[in-house]
Amino acid sequence: MADINQWQLPRNEASKLLGWSNDGRGMVNKGIGEDIQAHSDNLDTLSGITPGAAGQAILADALQADVRDYLDVPAYVAARAALKALDTTKDEVAFLSESGREGIFKWTAGNFSTQIAADTQEGIYIKANAIASTAGAWVRQFDGDIFPEWFGAAGDGTTSDQTAAAAAVASAVSSGDNVYWTNTYVSTASIANFHSVRHFGPGLIKRGSDLFPVQPKNTDSNTIYFSASGSSANDGLSSSEPRTFQAALDALENYGPVLNGSWTLKGAAGTYTNAAVTLPDVATSGLKVLKVQGPAVSVTAGASVCIIINNITGTFQAAETITGATSGFTATVTAVTARKLVATMVSGTPTIGETISGGTSGAFARVDAAQAVPTLILDGTSSTGAGIKAYGRQWVEFRDIKVKGYTSRGINAFGDCLISLKNVHDEDNLYGVFVEGFGARLYVSGGVWEKSASYAPGVTNVRIQSFFGVKHHIGYSYDETTGNATQDPSIATAPQLICAGSAAGTRGLSAAENATGHAFLRATDMFKGVEVQSSARVHLDDNSVLHRNSYGIEWRHGCDCSVDSDVDFGAGTANENTSENVRILSGGVDSNATHAFALGTYMVGSILSTTSHTGTVAETQIGGTLYTLSGDHFKTTGSLRMRVYGTMTGTAGTKILRMRVGGNAIASVTFVAGATSSFVVELSVMVTGNDAQFGAGWGIAGVAGASAGISDATTGALAQTWGDGTDRAVTLHATLGNIADTIEVNAIELWRVG
């Protein structure tokens, strides 16, 4: 317990200081300097030094700042004003601790008048108070990105950062550095050269209600606006500062090579005269597409609508009101062509298939389709090139855009691209859309694709061209969630993709050079509704409509055109294709290939069971229907060949085998009474016109003393009519001259050519 008392402090004696006792067990009074002397070996050395003038000056300084001047360490300044006031003969490096502007500045000699004049927000260059900018400047030391906070940005999402943001971008443009954005920056006007630098960070630009993430994640969405009167000097971050169409596309370069998130280029309504734009070679992430779109349009009040009509009685007039008998919709007609009305919707929505009437003209018609007319129009009437070009790996969706008057191609794409067109309208371009390249995909959903006689008549022109290995989905849209082709269920029975035109040589859909895919469309009033050539394939889906074309479908030997059963050729009506619903040609580079429905012979029906006919002299059908010839086939050319194998017994009378189509006798063979044993019969017909054909038959059988030859051959015009819309059964019939004889048929084959 005695040790506790050692911590009790003794009373301090005059002229002495309290200090530790030498044994470390308590405190005692000591003479001044006694304790220090005992514990510092340096005091003897220090006591022998006499300060010089500089040392005496330091010892004489009264202020902390004055003493710091003698130290070789950076000055710490709380604001730019203090930095400007530093004596650059004493301080060459300083640390600025001003909030948001923190950083190291170095005094640098040289002419910085240009940089200082440009950097009005003093983010990088700061002028010293007492020194001209031509002699030097305080220069921020950094290696990497530029921050808008250096230029005074608050980044709080409320305070305007317009000046600071513009200054940061301008500095990056000058130095070639990137800009790093950490927060939300309010911008109230266009930022010059915004898309000329690279942007990084989680921050975003807020312009009114528009938000622009500078380095978007996959869940983010970015929009750039453009207009016919836009300027490449604008940043396009809001509709009030639009860029030009091409400048909006060019802006994407600095966000590639892969665009993360969802990107949309929104165009304003208007006519873009002689527009010719090229997409940059940037890719989109995942299954997403770049969206390029005009103002959204729909078949609603106030919209301009293209109404395709049919079964017309009378003549509609411009400026009259039309009314739907079922829906009750009303619209004011603004333009009238043969089978199309352009009208401004007043109320309601047209129903496909309903009858409309003109309030002034008294005309009537059926509504086949109705499409809202885009208000963004690319007009290439005076242009010699394509309207929109995509070369490379772009995945892009164009929506609500009208392309007109290009002497080359309205939309042209090449390479490993994906082109999706939604309510894109094509008017009087040589080619509406032309996509080529193995790996490319083409989706076309809705829109009116038309070519009139007033532009380049007689020149081969195509509304939709799928070429060189393209996989096409005509009448379908692209789903970027699944990556699949989709169709709006509401139009499954009435195609809303309309190809029309009265110009000579016009094709609706043309597929060539290994292009392949499905088509669901309405093609009317053209030379060829669908053309398939050079080893291409088109599957024409149910409810497609091919009306009033010279040829509904034309494909070449070696190609594949699968036609679903409910394709509407208008057979037997005024809408029927004028020359032929289906025409198949030989020749060309693929003439050696064969495929179903090419000119190579193929079997369409057979009966392999044995059927015996005896006991009656009345003509009797053998077996069932071998094949039903569609009413839209053989309008101009084609042929059928039936081969029959069997045996005959009895010599009492003649024996006749006859082929009938739709009940009409087409070709037959008559064997003489002595014909017995096995036989082979071939019955054939070649169609040379919709009411003309050559029929022939031959047969070989064992005959006493002779062989049966061709008998009962028929040529020229018969009662049979072809391709008139009526389906006709193909059947085999037998007639005996005597009831004691027998014809036993063992097998029947029916072959079709064309």
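The written sequence of each chain sets the order in which its residues are numbered from 1. Predicted model: local features are reported for residues with pLDDT of at least 70 only, side-chain atom pairs are reported and counted for 80 or more only, and whole-chain, interface and lining totals are derived from all residues. Note that the side-chain values use all heavy atoms of the structure and ignore hydrogens as well as water.

### What to know about the pattern of salt bridges
Alright, step 1. Note on definitions: salt bridges are taken to be side-chain nitrogens of Lys or Arg within 4 Å of carboxyl oxygens of Asp or Glu. The tally for this structure, following the rule as stated, stands at 29 salt bridges.
Alright, step 2. In this structure, the salt-bridge partner of E122 is R80, at a minimum N-O distance of 2.8 Å. Taken together, the residues span a long stretch of sequence, with E122 in the loop between α6 (113–118) and β6 (125–126) and R80 in helix α5 (residues 80–85) at a distance of 42 residues.
Alright, step 3. A 1.4 Å probe rolled over the protein chains alone gives each residue an accessible area, and that area as a share of the maximum for its type sets the label: buried under 20%, exposed over 50%, partly exposed in between. Residue class for E122 comes out buried when judged on its relative accessible area of 16%.
Alright, step 4. A salt bridge links K402 to E427, with the shortest nitrogen-to-oxygen separation between them at 2.7 Å. With K402 in strand β30 (residues 401–404) and E427 in strand β33 (residues 425–427), this residue pair connects regions lying 25 residues apart in the sequence. Comment: elements are numbered from the N terminus, with helices defined as DSSP H or I runs of at least four residues and strands as E runs of at least two.

### Here's the deal with the sheet that holds strand β12 (residues 204–207)
What holds strands together in a sheet is hydrogen bonding between their backbones, with the strands either parallel or antiparallel.
Alright, step 1. Here four strands make up an open sheet; going across it, the order is β8-β10-β12-β13 and the pairing mixed. Lying at the two open borders of the sheet, with one neighbouring strand each, are β8 (156–160) and β13 (210–213). Neighbour-to-neighbour, the strand axes of this sheet turn through a mean angle of 25°, independent of strand direction.
Alright, step 2. Across two bridges, β8 lies against strand β10 (residues 184–186) in parallel orientation. Residue pairing across strands places D156 opposite T184, the latter belonging to β10. By the convention used here, strands pair only if DSSP detects at least 2 bridges between them. Note on geometry: axes are lines fitted to C-alpha atoms, helical ones only across the stretch in contact, with angles between N-to-C directions running from 0 to 180 degrees.

### A closer look at the layout of surface pockets
Alright, step 1. In this structure, the largest pocket spans a volume of roughly 610 Å³.
Alright, step 2. Lining of the largest pocket is provided by 25 residues; of these, Q371, G446, D488, I491 and Q496 occupy positions nearest its centre.
Alright, step 3. Element by element, the count of residues in the lining of the largest pocket is highest for strand β26 (residues 364–372), at three residues. Here a cavity means grid points, on a 1 Å grid over the protein atoms only, where a 1.4 Å probe fits yet cannot get out; a pocket means an open set of points with protein on both sides within 12 Å along at least five of seven lines; lining residues are those with an atom within 4 Å of a point. Grid points are joined across faces, edges and corners, and a volume is the space filled by probe spheres set on the points.

### Description of the environment of L96
Alright, step 1. Position of L96 relative to the elements: it lies in strand β4 (residues 93–96).
Alright, step 2. Under the relative-accessibility criterion, L96 is labelled buried at 0%.
Alright, step 3. Residues L96 and Y76 lie 20 residues apart in sequence; the distance between their C-alpha atoms is 6.3 Å.
Alright, step 4. The contacts of L96, once residues within four sequence positions are left out, are V77, A78, A79, R80, R101, E102, G103 and F105. In this description, contact between two residues means that some pair of their heavy atoms is separated by no more than 4.5 Å.

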